[in-house]
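Residues per chain, in single letters:
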Amino acid sequence: MSTINAAEVARVAALARIDLTAEEVERLAGELGVIADAVAQVSAAVGPDVPATSHPIPLTNVMRDDVVEEPLPVAAALSGAPQSEDGQFLVPQILGEDA
Amino acid sequence: MSELTTATAAELSQRLRAKEVSSVEVTEAHLERIGQVDGAVHAFLHVNSEEALATARDVDERRARGEELHPLAGVPIAVKDVIVTKGQPTTAASKMLEGWVPPYDATIVERLRAAGLPILGKTNLDEFAMGSSTEHSAYGPTRNPWDLERIPGGSGGGSAAAVAAFEAPLAIGTDTGGSIRQPAAVTGSVGIKPTYGGVSRYGLIALASSLDQAGPVSRTVLDSALLHELIGGHDPRDSTSLPDPVGGLVAATESLDLRGVRLGVVRELGGEGYQPGVQASFTAALDLLREAGAEVVEVSCPSFAYALAAYYLILPAEASSNLAKFDGMRYGLRVEPSEGPLTAERVMAATRGAGFGDEVKRRIILGTHALSAGYFDAYYGSAQQVRTLIQRDFAAAFEQADVLVSPTTPTTAFRFGEKLDDPMAMYLNDVATIPANLAGVPGISVPSGLSDDGLPVGFQALAPAQEDARLYRVGAVLERLLDERRGHRLLADAPSLPTTVSQEAAR
């Protein structure tokens, strides 16, 4: 993972939808390189025969009974919205001009 | 300082029930203390005087009417600001959520309200609980009551400092890699990370969902047990909540000795990298526990060597996914780009660029990288395999010992800025606490005294999953023996804090 250079930071930042300044990209590339080298030892520690653990304590999923419950009122759900209109979240344009 | 603020939660509970004191008096004493010392300590991001006093009045009235109340009814508490509180701001110490008022309560908060605990306010933390010093809070760091030039630990430095500075008898913390235990260690307070799933995560702003666990923060082991029994137990709104009831924790603190208990000293959690003063305090505590009847053995957990590295793959990966919801669309900050078209994607990127601090960006970028095509198996997959190895090490160690012990942290509280520019050095603070999160087992940090630098040292105990009661037994015995030897509680040795006359008191 020592491939975290500035170009990779910029690529990943775009995937993560975070605007970074050029200075931030440079600094993160340096810092992440060090961290990445440290974590690279992880892949060396395990062989193919070790199963993965995604969760510390095994549990079986259960379903509750399908009963009607009082949901969060619309006004409460919208109470923190930067913008709302007619009981809906108001968001910027989500499709391109020609879509 | 009012003796109402130096009393433990258990003592306050008793005096409230005996009607020697009212909840309004207790709550006012704590609010006054906050007004006096929080200018220096900065444990709180938001103080909740009006609502806390309303709860206190309500509890007093109900008690006067003879209603049956929870033992902790009327005892005030502070809540880490990563747990949502209806009608009260919740920021996760991030600019992303500045001024956000959640429309619902976390299950923990519901339980606190139902039991009648006045919520004094919301405590400071590293932004989105990412850090070990509170230096990553967007609202400025919390200071260690033992030395205001030093860190109070993190991420839950606010909760630990609040109890250590006698601003609250109880607090709620969250522990993803040590964020309850490490602050407890460096502030001379008590903190417990319960078994994963033992306390509901519903309403916790998630950092790493497979590691996060909320738990009690207090000045005594008994107080944590009382709080743990209140907040623990099954919650149908948390799919990882354990179905079994939580109990027997308060009873476990009543044990007078450790006869028949095998303590396993983890070889890998000590020695190189651990300050001599920390090691000496730990060894002295072990001697005391031996005198109390414990058998001490040494155990080895070789895979712990990879725990920190695995953690710093799993946590950023899960965090990068959990924090995707902060997109400026439904709640929280929205920032529009200064130029170009106003599309949702560009608004998201501008919002996240402006709203997240450096450490949050660092971890989201690392996590997104680790999860992206071509890297997933090598990094996230391998880290999950390491998790299996760590669980196996715990299982083998618990064959030889009932409880595993180590220093909670390698060092005492460091100075502000000392590790800020070196993320790896910062991450190493959590080397002894992280294995418990990876395996889901419970852990406690109890003060073992002061190091040669005059700062508190934490003694960590770890138990098998759902054996949290063992931690309370060991912790309570150690605390009692140390208090007896010292003749007073450790926090009585903390220097007095500079006080400012609160506006309320001045009126």
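In short, a report on the structure. Because the structure is predicted, anything quoted here is derived from the model rather than measured.

### Notes on the overall build of chain B
Of regular secondary structure, chain B possesses 18 helices and eleven strands. For chain B, the C-alpha radius of gyration of 22 Å lies close to 23 Å, the compact-globule estimate for 507 residues. With the principal axes as the frame, chain B shows a C-alpha extent of 65 × 60 × 45 Å. Looking at chain B as a whole, 63% of its 507 residues qualify as buried.

### Observations regarding the environment of A44 of chain A
Residue and element names in this part refer to chain A. For A44, the location among the structural elements is in helix α2 (residues 22-45). According to the C-beta neighbour criterion, A44 is exposed, with 10 such atoms within 10 Å. Separated by 19 residues in sequence, A44 and M63 place their C-alpha atoms 40 Å apart.

### Let's talk about the interface of chain B and chain A
Listed by partner, the interface residues are 59 residues for chain B and 47 residues for chain A. Elements represented by at least two residues in the side of chain B that touches chain A include exactly α11 (307-322), α12 (344-355), α13 (358-371), α14 (376-400) and α15 (423-427) of chain B. No other element matches the twelve residues that α14 of chain B contributes to the side of chain B that touches chain A. Residue classes in the side of chain B that touches chain A are distributed as 33 nonpolar, 19 polar and seven charged.

### Examining the sheet that holds strand β4 (residues 170-174) of chain B
Residues and elements named next belong to chain B. Strand order across the open sheet formed by eleven strands is β1-β3-β2-β4-β6-β5-β10-β11-β9-β7-β8, with mixed pairing between neighbours. Strands with a single pairing partner mark the edges of an open sheet, and in this sheet they are β1 (44-47) and β8 (295-299). Adjacent strand axes in the sheet meet at a mean angle of 25°, parallel and antiparallel pairs treated alike. When strand β5 (residues 190-193) meets strand β6 (residues 214-218), the two strands line up antiparallel, connected through two bridges. In the sheet register, V190 faces β6, and the bridge partner there is S218. In the packing of helix α17 (residues 468-486) onto the sheet, the strands contacted are β5, β9 (403-407), β10 (443-450) and β11 (456-462), and the crossing angle to β10 comes to about 10°.

### Overview of helix α8 (residues 221-231) of chain B
Residues and elements named next belong to chain B. The element α8 is extensively covered by neighbouring structure, given that eleven of its eleven residues are classed as buried. Within α8, burial applies to V221, L222, D223, S224, A225, L226, L227, H228, E229, L230 and I231. Following α8 by one or two positions, G233 has its phi on the positive side, about 105°.

Conventions adopted
Residues numbered from 1 in each chain as written. Chains lettered and ligands numbered in written order. Predicted model: local features only at pLDDT ≥ 70, side-chain atom pairs only at ≥ 80, totals over all residues. Helix = DSSP H or I, 4+ residues; strand = E, 2+ residues; numbered from the N terminus. Rg over C-alpha atoms; globule rule 2.2 N^0.38 Å. Buried ≥ 20, exposed ≤ 12 C-beta atoms within 10 Å, placed from the backbone. Contact = placed C-beta atoms within 7 Å. Nonpolar A, V, L, I, M, F, W, Y, C, P; charged D, E, K, R; others polar. Pairing = 2+ DSSP bridges. Axes fitted to C-alpha atoms, helices over the stretch in contact; angles between N-to-C directions.

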